Number of protein chains: 2
Amino acid sequence: MGSSVEQNILVTGGAGFIGTHTVVQLLNQGFKVTIIDNLDNSVVEAVHRVRELVGPDLSTKLEFNLGDLRNKGDIEKLFSNQRFDAVIHFAGLKAVGESVGNPRRYFDNNLVGTINLYETMAKYNCKMMVFSSSATVYGQPEIVPCVEDFELQAMNPYGRTKLFLEEIARDIHAAEPEWKIILLRYFNPVGAHESGRIGEDPKGIPNNLMPYIQQVAVGRLPELNVFGHDYPTMDGSAVRDYIHVMDLADGHVAALNKLFSDSKIGCTAYNLGTGQGTSVLEMVSSFEKASGKKIPIKLCPRRAGDATAVYASTQKAEKELGWKAKYGVDEMCRDQWNWANKNPWGFQKKP
Amino acid sequence: MGSSVEQNILVTGGAGFIGTHTVVQLLNQGFKVTIIDNLDNSVVEAVHRVRELVGPDLSTKLEFNLGDLRNKGDIEKLFSNQRFDAVIHFAGLKAVGESVGNPRRYFDNNLVGTINLYETMAKYNCKMMVFSSSATVYGQPEIVPCVEDFELQAMNPYGRTKLFLEEIARDIHAAEPEWKIILLRYFNPVGAHESGRIGEDPKGIPNNLMPYIQQVAVGRLPELNVFGHDYPTMDGSAVRDYIHVMDLADGHVAALNKLFSDSKIGCTAYNLGTGQGTSVLEMVSSFEKASGKKIPIKLCPRRAGDATAVYASTQKAEKELGWKAKYGVDEMCRDQWNWANKNPWGFQKKP
């Protein structure tokens, strides 16, 4: 990943879990970074720790702005003040369960925010975007691994917003071919920066497996519910493709460099996964090994809409982005525990 | 269609073609009507003529507001000043060709506008909506007539916004069952009020068949391009389900009454069509008969994405809404010509 002549990148949702890790890597690669985040699902302390991790010199290349993409004025203020070379668009709500209970919030945040962003980017002729998509657009795939040209399907409002936004990106590029948009379909981001200073800090009850396991390990939650233990998998629990958040961060830098280097990139989707399927129970035992903590579990029925196994085909990203995941499950669990152990209450003080 | 104890209806896009005709019928049925329209695709003269048609007394029940659903403040201003019982949501862009060339405009107008509307309706606990959907959500149906439970598909950005908004409506109702939303899938609205004082007045080159024929008839356009004359239909031209705009207007009143009377309506789609397929060339000859004008035509190749034949199954609307189209093709052409003949330049003066 070649360094850049200080290109200026707007990172929406840059105070979040994947955002902060990507911002660290962007700064380390010589990019200038401007964050806009409404702190709906993050805290400004996370940005302070990014500064701490990259050091005082690179911190001067990082600007944080509190703002909400649903307010066009907040985006206008940024674009009218500086020229951006590209946008990495993380901002959006991402909890499946919450989206089923409150879909309006998801359509408002994820669709209105992104459409406003496109309108302002177009106005200021900044037409390069790396978009946070998700493997959720594969719905319940009949075969795995998931290849980028599979038929897409939404299983819940959160997934619907991601699918809608991919379709919107394709329509925009079809009409205005000068747009260059890379859709990164994350599989299951876990782990944390090796320093243990930044990591996933979900508000309320975690929706994802590893933050939940982590909170059981530090005593914030009593036990882990394992939804489904009769799946046709090696141990009956569901299989997913867990990917280290630092691999994911590097995937974004690789995508960014692809936007800058490939005039024919158009609007292209790439899976960001390891290509390995790991079951829930395997992750639990790896985490126990990494943390030395016993994780009590409760076997529960399957959840409606959950797929048996979802993992990525990784050839396209490797071939076209020159990117491949480096970290395995053990490192993911090691770094997840390191973050949890040092920050049992995330970025907050103990209540 | 029973009269109502002056329920107050917000009609978005009420200055438009279908909007004005529906407002006339709503007022005649004793509803109070508030219009919000950004006049993006209409003119305020159309509202003046609605007042003229319903007379001075009923005109006092009609309020017009210039406003844009993309500005939440414009919607907030209305809801904070009066209580609405239901919303009929017409507002949105609807030209297929334009949507392919400028999809961002469609996602901005149609999605952001509607999501803002839902948010404000929820805030003021007004949770009944009649939504303008379209037969375009049937994509290129393999079999006809189209039944409401067919698989849905978008063929262009305009169609995508309608499909997205139907999915959003279903998600909202699934999460908040107190919402009552009727999705009206229009087939091909044509014709005009029998007075000839209101009708379709598209800006620029018409996208739809009848306004195009109409402008050829009054000499504004030289000839009609017939896209496709080798379709497997009775005369080789494409077949559609043309419906008189007054039938469509009555369909909205019937839907509104259904919302008020049926606690179990939930989120339900209904076709508004005649169930009859009519070819382009048949419409041309009916219009020639009605107008006494010869319509020169030019046979052109098919347009990509156009279906061979699309017409409605009408049983569900008839059974559940108690609504059925009354007007045939001859009345449609009679009233279309009556409007065109009296208003060759639509609501505008001759340039």
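Keep in mind the model is a prediction, meaning the values are calculated, not measured. (Residues numbered from 1 in each chain as written. Chains lettered and ligands numbered in written order. Predicted model: local features only at pLDDT ≥ 70, side-chain atom pairs only at ≥ 80, totals over all residues. Heavy atoms only, no water.)

## Describing the overall build of chain A
At step 1: Within chain A one finds eleven helices and 13 strands.
At step 2: In summary, chain A has a C-alpha radius of gyration of 19 Å against a globular reference of 20 Å for 351 residues, a match within 12%.
At step 3: Each of the 351 residues in chain A was classed as buried or not, and the buried ones make up 60%.
At step 4: Contacts in chain A between residues at least 24 apart in sequence constitute 81% of all its contacts with a sequence separation of at least 6.
At step 5: Within chain A, the 41 negative side-chain charges are centred at a point lying 4 Å from the centre of the 38 positive side-chain charges. (Helix = DSSP H or I, 4+ residues; strand = E, 2+ residues; numbered from the N terminus. Rg over C-alpha atoms; globule rule 2.2 N^0.38 Å. Buried < 20%, exposed > 50% of the residue type's maximum accessible area, 1.4 Å probe, protein only. Contact = heavy atoms within 4.5 Å. Lys, Arg positive; Asp, Glu negative; His and termini not counted. Charge placed at Lys NZ, Arg CZ, Asp CG, Glu CD.)

## Side note on the UniProt feature "binding site: substrate" in chain A
All names here are of chain A.
At step 1: Following the UniProt record, the feature "binding site: substrate" maps to Ser134 here.
At step 2: Leaving out residues up to four positions away in the same chain, serine 134 has contacts with Tyr158, Lys162, Leu184, Arg185 and Tyr186.
At step 3: At 2.9 Å, the side chain of serine 134 forms a polar contact with the backbone nitrogen of threonine 136. (UniProt positions renumbered as here; feature names shortened; annotations may be inferred. Polar contact = N/O pair within 3.5 Å; in protein donor to acceptor, adjacent residues only side chain to side chain.)

## Details of the pairing of strand β11 (residues 267-272) of chain A
All names here are of chain A.
At step 1: Counting buried positions along β11 gives six out of six residues, so the element sits mostly inside the fold.
At step 2: Of the two faces of β11, both are covered, the one formed by Cys267, Ala269 and Asn271 as well as the one formed by Thr268, Tyr270 and Leu272.
At step 3: Where strand β6 (residues 180-186) and β11 come together, six bridges link them in parallel fashion. Among the inter-strand pairings, isoleucine 182 is bridged to a residue of β11, identified as threonine 268. (Pairing = 2+ DSSP bridges.)

## Let's talk about the sheet that holds strand β1 (residues 8-12) of chain A
All names here are of chain A.
At step 1: In space, the seven strands of this open sheet follow the order β3-β2-β1-β4-β5-β6-β11, with parallel pairing throughout. Since the sheet does not close on itself, it has two edges, and those belong to β3 (62-66) and β11, each with one partner. Across this sheet, the average inter-strand angle for adjacent strands is 20°, counted without regard to direction.
At step 2: Against the sheet, helix α2 (residues 44-59) engages β2 (32-37) and β3, with an angle of about 160° to β3. (Axes fitted to C-alpha atoms, helices over the stretch in contact; angles between N-to-C directions.)

## Quick notes on the interface of chain B and chain A
At step 1: At the junction of the two partners, chain B supplies 24 residues and chain A supplies 24 residues.
At step 2: The junction of chain B with chain A conceals about 2200 Å² of combined surface from both sides, 61% of it contributed by carbon and sulfur atoms.
At step 3: Its largest share of buried area at the contact with chain A, chain B owes to B:Arg104, B:Phe164 and B:Asp171, together 30% of the area lost on that side.
At step 4: Two residues, B:Glu176 and A:Arg104, come together in a salt bridge whose shortest N-O distance is 2.9 Å.
At step 5: Counting across the interface, chain B meets chain A through eight residue pairs in polar contact (both at pLDDT 80 or more).
At step 6: Examining the composition of the side of chain B that touches chain A, we find that eleven residues originate from one element, helix α5 (residues 103-123) of chain B, more than from any other. (Buried area = accessible area lost by both parts, 1.4 Å probe. Salt bridge = Lys/Arg side-chain N within 4 Å of Asp/Glu carboxyl O.)

## A word on helix α11 (residues 329-342) of chain A
Residue and element names in this part refer to chain A.
At step 1: Compared with the 20 Å implied by 1.5 Å per residue over 14 residues, the 20 Å span of α11 between its first and last C-alpha is a close match.
At step 2: Of the positions making up α11, those classed as buried are Val329, Met332, Cys333, Asp335, Gln336, Trp337, Asn338, Trp339 and Ala340.
At step 3: Elements in contact with the buried residues of α11: α2, β7 (188-190), α7 (209-217), β10 (242-244), β12 (278-279) and α9 (280-291). (Expected span 1.5 Å × (residues − 1).)

## Focus on the environment of B:Val50
Residues and elements named next belong to chain B.
At step 1: Mapped onto the elements, valine 50 comes out in helix α2 (residues 44-59).
At step 2: With 68 residues separating them along the chain, valine 50 and tyrosine 118 place their C-alpha atoms 27 Å apart.
At step 3: Non-local contacts of valine 50, meaning those with residues more than four positions away in its chain, are made with Thr20, Val23, Val24, Leu27 and Leu62.

## Things to note about the relation of the copies chain B and chain A
At step 1: For the pair chain B and chain A, the superposition axis carries a translation of 0.0 Å, the fit reaches an RMSD of 0.0 Å, and the rotation angle comes to 180°. Expressed as an axis order, the relation between the two copies is that of a two-fold axis. When C-alpha positions in chain B are compared against the rotation axis, the closest is assigned to B:Val112, at 2.7 Å.
At step 2: Counting the interface residues of chain B, we find that 100% of their copies in chain A are interface residues as well, pointing to one common contact surface. (Least-squares fit on C-alpha atoms with pLDDT ≥ 70 in both.)

## Points about the nonpolar core
At step 1: Grouped together as the largest cluster of nonpolar side chains are 58 residues, with contacts concentrated most on A:Phe79, A:Leu117, A:Ile168, B:Phe79, B:Leu117 and B:Ile168.
At step 2: Aside from chain neighbours lying at most four places away, what touches A:Phe79 is A:Leu10, A:Phe84, A:Val87, A:Leu117, A:Thr120, A:Met121, A:Tyr124 and A:Cys126. (Core = buried A, V, L, I, M, F, W, Y, C linked by side-chain atoms within 4.5 Å.)

## Structural notes on the confidence of the model for chain A
At step 1: Of the residues in chain A, 99% have a pLDDT of 70 or more, and the chain-wide mean is 96.
At step 2: Here the predicted complex carries an ipTM of 0.93, next to a pTM of 0.95. (pLDDT = per-residue confidence, 0-100.)

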